[in-house]
Amino acid sequence: MSTRRAVVTGAGPRSIGRAVADALLADGWGVTVTRRDTLDLADRASVAAFAASYAEQADRLDLLVNSAGIHLDLGSRWTEPQLLDGHEIHWRTNYLGTVDLTTALLPLLLAAGGGTVVHVVSQLHERGTTDQLLGRPVGYDSWASYGTSKLGLVHHAALLAERYGERGLRALSVHPGAVSTNIADRGLETRPLLRRLRSLALPLERRTLMTPGESAAHLVRIATDPSAASGYYRKSRALDPAPAAGDLEARAELAAATEAWLAARQ
């Protein structure tokens, strides 16, 4: 068993997660991966079962790469939020599910001397809003909802670094760049014409966008470089996130609401 161990979520075919796992394996890491059929971020029992199973089978965790997520309704047809467990579906899956898993695995990361958490986010966190982040009524837009779920993860990474940085934990939120992956497939499930047009354009997409492997190379570089400080990155370059990610009052309110949700075990 490798002395360095990682968990990578969202490692389905043609995904950034799969490419990250492959790169880590090639570098000698022991890697545990998840896909939708092995871990459902929107199911608290599934998250708890995975974390317990991992803790039973592995003696440590050095790196958690949270790559799993959804981006639905790419055609912007929804006029009302799609709810899951009473939460907007992107928020429930991308933010709450990721935070739930990270919290469950945090003791192992801290026991390993801190370890590293990487939230794979998106430049679309710039479309997220503080009102939606804090559950205030706003007009619904699925792209803004997706962006808000990623804005929440930028806040969460910063919060982890603030709370546990002195114990050696690094927490990064990383925009992986414009990448040709399969995330759009599910987002176009209800739009057969757009799915067909995308399939026709796929060869061009793959020539003009980064491959998952190219994106993963950037992500793995900073995830495994102990000199890369906690913060927000675009590919492997440290940058300032959107201004909304610097709202410390909103971050504190978000943290309190998230902790209350985590405490209310279902």
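Everything discussed here concerns the structure shown above.
Residues numbered from 1 in each chain as written. Predicted model: local features only at pLDDT ≥ 70, side-chain atom pairs only at ≥ 80, totals over all residues. Heavy atoms only, no water.

Structural notes on the sheet that holds strand β3 (residues 63-66)
Right, on to step 1. Spatially, β2-β1-β3-β6-β7-β8-β9 is the arrangement adopted by the seven strands of the open sheet, whose pairing is mixed. Because the sheet does not close on itself, it has two edges, and the strands there are β2 (30-33) and β9 (237-239). Averaged over all adjacent pairs, the angle separating strand axes in this sheet is 25 degrees, with direction ignored.
Right, on to step 2. Strand direction decides the pairing type here: strand β1 (residues 5-8) and β3, joined by three bridges, are parallel. Across the sheet, the residue bridging to V8 is V65, located in β3.
Right, on to step 3. Taken strand by strand, helix α1 (residues 16-26) contacts β1, β2 and β3, and its axis lies near 170 degrees from that of β1.
Right, on to step 4. Together, β3 and β6 (116-120) form the strand contacts of helix α3 (residues 89-111), whose direction differs from that of β3 by roughly 175 degrees. (Pairing = 2+ DSSP bridges. Helix = DSSP H or I, 4+ residues; strand = E, 2+ residues; numbered from the N terminus. Axes fitted to C-alpha atoms, helices over the stretch in contact; angles between N-to-C directions. Contact = heavy atoms within 4.5 Å.)

Quick look at the pairing of β6
Right, on to step 1. With five of its five residues buried, β6 lies for the most part within the structure.
Right, on to step 2. The alternating pattern of β6 places T116, V118 and V120 on one face and V117 and H119 on the opposite face, and all of these are buried.
Right, on to step 3. Direction of pairing for β3 relative to β6: parallel, over a ladder of four bridges. Pairing of L63 across the sheet is with T116, part of β6. (Buried < 20%, exposed > 50% of the residue type's maximum accessible area, 1.4 Å probe, protein only.)

Remarks on the side chain of K150
Right, on to step 1. Position of K150 among the secondary structure elements: in helix α5 (residues 142-164).
Right, on to step 2. When neighbours within four sequence positions are excluded, K150 is seen to be in contact with N94, V120, V121, S122 and H125.

Brief notes about the environment of H156
Right, on to step 1. With respect to the helices, strands and loops of the structure, H156 is situated in helix α5.
Right, on to step 2. Placed 61 residues apart in sequence, H156 and Y95 show a C-alpha to C-alpha distance of 8.8 Å.
Right, on to step 3. When sequence neighbours within four positions are dropped, the list of residues in contact with H156 reads Y95, V99, T102 and H119.
Right, on to step 4. A polar contact is formed between the side chain of H156 and the side chain of H119, at a distance of 2.9 Å. (Polar contact = N/O pair within 3.5 Å; in protein donor to acceptor, adjacent residues only side chain to side chain.)

Looking at unusual backbone geometry
Right, on to step 1. Positive phi, close to 55 degrees, is recorded for D73, a residue that is not glycine.
Right, on to step 2. The exposure class of D73 is buried, given its relative accessible area of 5%.
Right, on to step 3. A positive phi is found at K235, a non-glycine position, where the angle reads about 55 degrees.
Right, on to step 4. With respect to the helices, strands and loops of the structure, K235 is situated in the loop between β8 (231-234) and β9.
Right, on to step 5. Among the residues examined, K235 registers a relative accessible area of 29% and is labelled partly exposed.

Observations concerning the packing of aromatic side chains
Right, on to step 1. Counted under the stated rule, the structure contains one aromatic pair.
Right, on to step 2. Sitting over the face of the ring of W261, R44 holds its NZ or CZ atom 4.1 Å from the ring centroid. (Phe/Tyr/Trp six-rings, centres within 6.5 Å; stacked < 30°, edge-to-face > 60°. Lys NZ or Arg CZ within 6 Å of the ring centre and 35° of its normal.)

Structural notes on the pattern of salt bridges
Where side chains of opposite charge bring their charged atoms close, a pairing between them can arise.
Right, on to step 1. Applying the stated criterion to the full structure yields nine salt bridges.
Right, on to step 2. Linking D62 and R60 is a salt bridge whose minimum nitrogen-to-oxygen distance equals 2.6 Å.
Right, on to step 3. When its relative accessible area of 29% is taken as the criterion, R60 is described as partly exposed.
Right, on to step 4. Among the salt bridges present, the one from R92 reaches D85, with a minimum N-O distance of 3.1 Å.
Right, on to step 5. The buried category is assigned to R92, whose relative accessible area is 0%. (Salt bridge = Lys/Arg side-chain N within 4 Å of Asp/Glu carboxyl O.)

Here's the deal with the packing of α1 against helix α8 (residues 212-223)
Right, on to step 1. Running from amino to carboxyl end, α1 crosses α8 at an angle of 60 degrees, the nearest separation of the two axes being 8 Å. Between α1 and α8, the angle falls in the class oblique. Between α1 and α8 lies a crossing whose hand is right-handed. Only P212, G213, S215, A216, L219 and V220 of α8 make contact with α1, whose side of the interface consists of I16, A19, V20, A23 and L24.
Right, on to step 2. A class-by-class count of the residues in the contact of α1 with α8 yields nine nonpolar, two polar and no charged. (Parallel < 35°, antiparallel > 145°, perpendicular 65-115°, else oblique. Left-handed = near helix turned anticlockwise from the far one by under 90°. Nonpolar A, V, L, I, M, F, W, Y, C, P; charged D, E, K, R; others polar.)

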